[in-house]
Amino acid sequence: MSQTNFRGLASMCVPMYIAEVSPQSSRGILVTINNCAITMGQLLASLVAGAFSHDTQHGWRYMLGIAAVPAILQFIGFLFMPESPRWLVGKGRYDQAKAVLRRVRGSNANIEAEFDAIRANCEEVAREQEGDGKSVLRKVLANSALRTALLVGCGLQMIQQLAGINTVMYYSATIIEMSGVRDKSEVIWLSAATSGMNCLCSLVGLIFVERVGRRKLTLGSLLGVILSLTVLAISFRLSEVYSPALTYHDPSTIGSVCNTFSTCSGCIDSSACGYCFTDFGNGTYDGACLMSLPNRDASVQGLCNTTDLLPHVTWAYQWCPSVYSWMTFVGLLAYLFFFAPGMGCMPWTINSEIYPLWARGTCYSIATSVNWLCNFGVSLTFLMLMQAMTKYGAFFFYVSLAVLGFIFLFVMLPETRGVSLEDVEGLFSHWWWEDASTAAEKKTVQYPPAVVYSSTSQSDVSRISISTID
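An unreviewed UniProt entry lists the protein chain under the name Major facilitator superfamily (MFS) profile domain-containing protein, with Oedothorax gibbosus given as the organism. Note on the protein chain: under the UniProt heading Sequence similarities (unreviewed entry), the record states "Belongs to the major facilitator superfamily. Sugar transporter (TC 2.A.1.1) family." Comment text from UniProt for the protein chain, heading Subcellular location (unreviewed entry), reads "Membrane".

Given below as structure tokens:
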């Protein structure tokens, strides 16, 4: 529980911190790198799990113990992190804020214009907040532009989870096994391969986040996810349609539910039964549906009534042999290929950009909470969905949710590339979004009551600062 709490705090604070200390030109790349590091950690964890998968007695201890090493290194690294310059300015610690800007921008960089813009924004926010005494959340909800920004931010996080990413990541080994892969070690290594695809394609996001833009990358990614989930659903449907028929009924099953099935698919769908079969190696099987022990490791009676099974006999309680296993694995890889560079990174990147300074912490924490709440719901209900709706039905359900998410984002998501953190909220003052560069050229923009200034205020401050320096 404690580990989950700290992970939740990190998922909120880290992208927001990176966005606040990053130069505008590389903000998207640096926030995306954070997600790449997460996927790289998942890959390394999968490789460690694969390496110790043969040690059934002590392997899990090594897996958990090794995880402490990067956590210790990360804690040491945190000790050398500077505070966010925007947070320091908000606290009136101007000299420290300038020192941090020089540290992260370079000793020879001209940071005065950026500092003056941040200071002007923070001081105006402070005056407004002192004036009315309203809570941050009440101010956000009272303003249509910020309500829309929060809706889009929460929608992004919700869609990321409802599109099934943690179903794929948490249950990748189970999905691969259910597709018909038999060897446990092979299942673990194939699961590691999916983590590798997730890591590799997250790096693709680094290339396109500033070149293509957030909106196009997000929508293109989600479209690919929809297609990949459809492939997964079709693969499980084909596996069910062409499931091996039962060739005999064991006398021990007479009078039980296991005696009512005619195919392997129907047999394994019952928690009381399992499929005991011989594979002749040419796509033909000789099998029966037998009563399962409570732990499902073997059958109550028949050829599979011992955990030390004969070499030519296989016991399966949650999968059936299938010639479509490759299709399921390809669907998983395709899913991560499309998901990682867009939907994997952009919800965090965009949420770190679309809120004004005074509301950023509150809004980002709400969006992050939505992400983890949906994560919990999806991971909790996945196996139940597969039982209630069949395997292919569960994935078609995720397809429908992803399609609805695509429609929502197509209508609501603006492009935030090239817009400063102080100006980006102006994009949400319009129902039909404009290109970021066009919006930045507008003379005036309707900002929320808590932050009242023109869209050219930052550039005006910059010109004043530069002329003073000159």
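Engineer: Go over the state of the cysteines with me, naming the residues and quoting the values.
Structural biologist: A complete count under the given rule lists four disulfides for this structure. Two residues, Cys267 and Cys289, share a disulfide whose sulfurs are 2.2 Å apart. Here the S-S torsion is close to 90°, and the disulfide linking Cys267 with Cys289 is therefore right-handed. Of this pair, Cys267 sits in helix α14 (residues 264-268) while Cys289 is found in strand β2 (residues 285-291), placing the two residues 22 residues apart along the sequence. The two residues Cys267 and Cys289 agree in class, both being buried. In this model Cys276 forms its disulfide with Cys304; the gap between the sulfur atoms is 2.0 Å. The disulfide joining Cys276 to Cys304 has a torsion of about 80° about its S-S bond and is therefore right-handed. Note that Cys276 is positioned in strand β1 (residues 273-279) and Cys304 in the loop between β2 and β3 (314-316), a separation of 28 residues in sequence. For the pair Cys276 and Cys304, a shared accessibility class is recorded, and that class is buried. Assigning the bonded cysteines of the protein chain consecutive numbers by sequence position, one obtains the connectivity 1-4, 2-8, 3-6, 5-7.

Engineer: Could you give an account of helix α6 (residues 94-105), naming the residues involved and the relevant values?
Structural biologist: Helical periodicity: at 3.6 residues per turn, an α-helix aligns residues three or four positions apart in one direction. Given a rise of 1.5 Å per residue, twelve residues ought to cover 16 Å, and the 16 Å separating the end C-alpha atoms of α6 matches this to within 8%. Residue Gly106 follows α6 closely and has a positive phi angle near 110°.

Engineer: Break down the nonpolar core for me, citing the residues and quoting the values.
Structural biologist: Counting 59 residues, the largest nonpolar core has Leu229, Tyr335, Phe395 and Leu409 as the members making the most contacts within it. Apart from residues no more than four positions distant in its own chain, Leu229 is found in contact with Ala163, Tyr335, Phe395, Tyr398, Val399 and Ala402. Counting 14 residues, the second largest nonpolar core, distinct from the first, contains Leu246, Cys267, Tyr275 and Tyr285.

Engineer: Pulling in residues and values, what's your account of the packing of helix α9 (residues 144-162) against helix α17 (residues 357-389)?
Structural biologist: Two numbers describe how α9 lies on α17: the axes approach to 8 Å, and their chain directions differ by 25°. In terms of axis orientation, α9 runs roughly parallel to α17. In this structure, α9 crosses over α17, and the sense of that crossing is right-handed. Contacts from Leu146, Leu150, Gly153, Cys154, Gln157, Met158, Gln160, Gln161 and Leu162 of α9 reach α17 at Trp358, Cys363, Ile366, Ala367, Val370, Asn371, Cys374, Asn375 and Val378. Considered class by class, the residues forming the contact of α9 with α17 number twelve nonpolar, six polar and no charged.

Engineer: Which residues make up the environment of Ser322, and what values do they have?
Structural biologist: Assignment of secondary structure puts Ser322 in the loop between β3 and α15 (325-339). Classification of Ser322 as buried rests on a relative accessible area of 19%. Measuring from C-alpha to C-alpha, the distance between Ser322 and Gly283 comes to 8.3 Å, with 39 residues separating the pair along the chain. Engagement of the side chain of Ser322 in a polar contact is seen with the backbone nitrogen of Tyr324, the distance being 3.0 Å.

Engineer: Describe the UniProt feature "transmembrane region" (unreviewed entry) in the protein chain, listing the residues and the values that go with them.
Structural biologist: On the UniProt side, "transmembrane region" (unreviewed entry) is annotated at positions that read residues 29-50, 62-81, 187-209, 221-238, 323-350, 362-386 and 392-413 here. Secondary structure within residues 62-81 divides into 80% helix and 0% strand; the distance between the first and last C-alpha atoms comes to 30 Å. Within the segment residues 221-238, helix and strand shares are 100% and 0% respectively, and the terminal C-alpha atoms sit 26 Å apart.

Engineer: Explain a nonpolar patch on the surface to me, and be specific about the residues and the numbers.
Structural biologist: A contiguous nonpolar patch, built from Val69, Ile72, Leu73, Phe75, Ile76, Leu79 and Phe80 and spanning about 770 Å² of accessible area, is present on the exposed surface. Positionally, Phe80 belongs in the loop between α4 (68-78) and α5 (85-90). For Phe80, a relative accessible area of 58% gives the class exposed.

Engineer: Can you tell me about the packing of helix α3 (residues 59-66) against α4, naming the residues and giving the values?
Structural biologist: Packed helices, taken two at a time, are described by the angle their axes make and the gap between the axes. At a closest axis distance of 5 Å, the pairing of α3 and α4 adopts a crossing angle of 10°. By the angle between their directions, the pair α3 and α4 is classed as roughly parallel. Between α3 and α4, the residues in contact are Leu64, Gly65 and Ile66 and Ala68, Val69 and Pro70, respectively. The class makeup of the residues in the contact of α3 with α4 is five nonpolar, one polar and no charged.

Engineer: Give me the pattern of salt bridges: which residues, what numbers.
Structural biologist: Within the structure shown, the criterion is met by six salt bridges. Among the ionic pairs, Glu240 bridges to Arg237, the shortest N-O distance being 3.6 Å. Of this pair, Glu240 and Arg237 both sit in helix α13 (residues 214-241), three residues apart, which is roughly one turn of the helix. Relative accessible area serves as the criterion here: at 25%, Glu240 is assigned to the partly exposed category. For Arg237, a relative accessible area of 36% corresponds to the partly exposed category. Linked through salt bridges whose partners overlap, the residues forming this network are Lys98, Arg102 and Glu112.

Rules of the game
- Residues numbered from 1 in each chain as written.
- Predicted model: local features only at pLDDT ≥ 70, side-chain atom pairs only at ≥ 80, totals over all residues.
- Heavy atoms only, no water.
- UniProt positions renumbered as here; feature names shortened; annotations may be inferred.
- Disulfide = S-S within 2.5 Å.
- Helix = DSSP H or I, 4+ residues; strand = E, 2+ residues; numbered from the N terminus.
- Buried < 20%, exposed > 50% of the residue type's maximum accessible area, 1.4 Å probe, protein only.
- Expected span 1.5 Å × (residues − 1).
- Core = buried A, V, L, I, M, F, W, Y, C linked by side-chain atoms within 4.5 Å.
- Contact = heavy atoms within 4.5 Å.
- Axes fitted to C-alpha atoms, helices over the stretch in contact; angles between N-to-C directions.
- Parallel < 35°, antiparallel > 145°, perpendicular 65-115°, else oblique.
- Left-handed = near helix turned anticlockwise from the far one by under 90°.
- Nonpolar A, V, L, I, M, F, W, Y, C, P; charged D, E, K, R; others polar.
- Polar contact = N/O pair within 3.5 Å; in protein donor to acceptor, adjacent residues only side chain to side chain.
- Patch = residues over 30% accessible without salt bridge, like charges linked within 9 Å, V, L, I, M, F, W, Y side chains within 5 Å.
- Areas by Shrake-Rupley, 256 points an atom, 1.4 Å probe, with all protein chains shown as cover.
- Salt bridge = Lys/Arg side-chain N within 4 Å of Asp/Glu carboxyl O.

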